[in-house]
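Read off the chains here:
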Amino acid sequence: MQNKSPELIETARKKFAQFRALCAEHGEDAAWESMLEGFPELQRQRMGPSLALPTLAEGFRAAIPFFAAVGMEMDVVDISNRGVDAVLEIQRFCPYLDVCMEYGFETPCHVICEMDMEASHRAFPEMKGEILCRQAFGSPVCIFKYQRPAKDEAGGVTASACS
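Residues numbered from 1 in each chain as written. Predicted model: local features only at pLDDT ≥ 70, side-chain atom pairs only at ≥ 80, totals over all residues. Heavy atoms only, no water.

Quick look at the packing of aromatic side chains
Next, step 1: Going through the model one piece at a time under the given rule, you end up with 5 aromatic pairs.
Next, step 2: Pairing F66 with F67 gives two aromatic rings, centres 5.5 Å apart and planes at 75 degrees, and the pair type is edge-to-face.
Next, step 3: Taking relative accessible area as the criterion, F67 reaches 19% and is therefore assigned buried.
Next, step 4: Taken together, the ring pairs connect F16, F19, Y103 and F105 into an aromatic cluster. (Phe/Tyr/Trp six-rings, centres within 6.5 Å; stacked < 30°, edge-to-face > 60°. Buried < 20%, exposed > 50% of the residue type's maximum accessible area, 1.4 Å probe, protein only.)

Quick notes on the sheet that holds strand β1 (residues 74-78)
Next, step 1: In spatial order, the strands read β1-β2-β4-β3; together these 4 strands make up an open sheet with antiparallel pairing. For this open sheet the edge positions go to β1 and β3 (128-133), each flanked by a neighbour on one side alone. On average, each strand axis in the sheet is inclined to that of its neighbour by 20 degrees, with strand direction left out of account.
Next, step 2: Note that β1 and strand β2 (residues 84-91) share 5 bridges and pair antiparallel. (Pairing = 2+ DSSP bridges. Helix = DSSP H or I, 4+ residues; strand = E, 2+ residues; numbered from the N terminus. Axes fitted to C-alpha atoms, helices over the stretch in contact; angles between N-to-C directions.)

Rendered as structure tokens:
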């Protein structure tokens, strides 16, 4: 696919520029926290409806059209097992690799992906996220793993997920 969305790239440019300026003024840790202000609430609004679906796989598959609309090619693999509702999000194209260099960052991972993961964790504390591989480090894809306790048919957490 690899059609970079001009809006996505412009938003990334603004985010990298803001992070660079905040780092220069306050240091990286303070810049990180400043950039996260309000982001968990935004993640809750964006992701909440999808995560309300019965499984993470259903929720993440519902997001595929959004990612396609911004030029990203996403696959979702359900890896749920042993009382854990889990999914792999595979991104075949990283639109941020080029733009991060414009702002003096080696990779886009800390400013984009790691911040997204932290905001998601703060918005949904029951869900864990992890970046398994990154195109910025030479992998052919980026793979993100998300997991939460599985729900039973009544919508409650399964006993094995709590053990």
